Amino acid sequence: MSGAWTGADRSRIAGAGAAIDSVQNDRVNITATAAEAQRIERLGYRVTRVRTEGFPAADAGYHDYAEMMADLDKTARAHPTIMRKLSLGKSYEGRDMPLIKISDNVAKDEDEPEILYDAHQHAREHLTVEMALYLVHLYTDNYGKDARITRIVNSREIWIVPDMNPDGGEYDIKGGTYHNWRKNRQPLGAGYYGLDLNRNWGYKFGCCFGSSNQVSSEIYRGPEAFWAPETQRLRDFVLSRRIGGKQQIRAAIDFHTYSELVLWPYGYTNATTAPGLNADQQRTFAALGKMFARSNGYTAEQSSSLYITDGSVIDWLWATQGVWAFTFEMYPASPEAGGFYPPASTIAPQTARNKEASLLLAEYADCAYRVIGKQPAYC
Ligand code: LU0
Ligand code: CA
Ligand code: CA
Ligand code: ZN
């Protein structure tokens, strides 16, 4: 960028959040996100793009990793009594994987039904990070203002994992263009990288032709379950919520894109009931899933109706932890409508579209069987 002659100019540029890499006369070479570049232009400087970081300028409304972290930090600071930003640990490349807790008396572990929302197992599914940020703001910004949300925050402990795959996500936008990347970024040798996090979970791992053992595959499951640091991190957190032999997390949504679907277990088999999933449980999953789909206009079905997946997070959450776990495949419905890269203008409407389903999940978390009228028998 140019037009910056003095140290004061450069300080204003740095103040906009850009990193100053070098200085030549009035020209300053910076590394900046698209949002920062826009801010600098508004200060009256001329910005020319040599090499872009972050999202392509047209999609600056999406949060890259640093912008996501900044938003989480800022929101946590604004709501210290109900929100905490914690950490799941680090990704393969060493990025911190944030873990958000939202509840009243947030510093205490209270005896309240716990809920988990996680996003971004797949790198190019950036809209899911926006979904997680939307939920963070929904529950914090409306606390004490909206009676329904206040009731949920007071009576539940909400866990949000906004970024299961920070390495893949950053790689996907590297250089300011999209790379159509899905997996994580673990090196596999011979120039291959990445395994499919949603095939690396430890229930029926690799059982059923719903994943691949080839490193080149987009659905490479890895040499063993939980081989990816990222799946280990979420597994260890979920296992840490097992207290006195009882899993505290009752219900979960794992956000993906795209196809506009609500999916429930199992993914590894076409059978509607199977070991660990009896008829009442299947009816409960289907009834909740259809209720969610009525609220957001998605299609509801068992996960395997889409195609067989083995080693998915929802199969593991349900079969080993008893968590009522759903996959949401968000907007759009078709590749023509933007596929994995819908324009930033869709973020607001398409995240708000899942407000009702997300709240319903939290409300039913005390006793999911209520949805089929069987709470007297089970809860
Ligand atoms: O992991 C996937 O293949 C998902 C669908 C399953 C959860 C059934 N589709 S995605 O990769 O396109 N998000
Ligand atoms: Ca609480
Ligand atoms: Ca608790
Ligand atoms: Zn996905």
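Residues numbered from 1 in each chain as written. Chains lettered and ligands numbered in written order. Predicted model: local features only at pLDDT ≥ 70, side-chain atom pairs only at ≥ 80, totals over all residues. Heavy atoms only, no water.

### Notes on the coordination of the calcium ion (ligand 2)
Every protein donor of the calcium ion (ligand 2) is accounted for by Ser103 (OG), Asp104 (O), Asp104 (OD), Glu110 (OE), Glu112 (OE) and Glu112 (OE), and the metal-donor separations fall at 2.2 to 3.0 Å. Between the 6 donor atoms coordinating the calcium ion (ligand 2), the angles at the centre fall across 45 to 172°, so the site counts as irregular. (Donors = N, O, S within 2.8 Å, 3.2 Å for Na, K, Ca; no water. Tetrahedral: all angles 85-135°; square planar, octahedral: opposite > 155°, others 65-115°.)

### Structural notes on the packing of aromatic side chains
Counted by the stated rule, this structure contains 23 aromatic pairs. Ring geometry for Phe285 and Phe326: centres 5.5 Å apart, planes at 65°, overall edge-to-face. Of the two residues, Phe285 sits in helix α8 (residues 279-296) while Phe326 sits in strand β14 (residues 324-330), which places them 41 residues apart along the sequence. The pair formed by Phe285 and Phe326 is uniform in burial state, with each residue classed as buried. On the numbers, 4.5 Å between centres and 45° between planes, the contact of Trp318 with Trp324 is tilted. Put simply, the rings of Phe255, Phe285, Phe292, Tyr298, Trp318, Trp324, Phe326, Phe328, Tyr369 and Tyr378 pair up and form one aromatic cluster. For the cation-ring pair, Arg185 lies above Tyr171, with the distance from its terminal atom to the ring centre recorded as 3.6 Å. (Phe/Tyr/Trp six-rings, centres within 6.5 Å; stacked < 30°, edge-to-face > 60°. Helix = DSSP H or I, 4+ residues; strand = E, 2+ residues; numbered from the N terminus. Buried < 20%, exposed > 50% of the residue type's maximum accessible area, 1.4 Å probe, protein only. Lys NZ or Arg CZ within 6 Å of the ring centre and 35° of its normal.)

### Some points on the site of ligand 1
By nearness alone, 14 residues border ligand 1, and Glu125, Arg182, Arg199, Tyr307 and Glu329 come closest of all. In this structure, Asn198 approaches ligand 1 through a side-chain N or O atom, which is 3.1 Å from an oxygen atom. A distance of 3.2 Å separates a nitrogen atom of ligand 1 from a polar side-chain atom of His256. Of the residues belonging to the shell around ligand 1, the class tally is 3 nonpolar, 7 polar and 4 charged. (Near = heavy atom within 4 Å. Polar contact = N/O pair within 3.5 Å; in protein donor to acceptor, adjacent residues only side chain to side chain. Nonpolar A, V, L, I, M, F, W, Y, C, P; charged D, E, K, R; others polar.)

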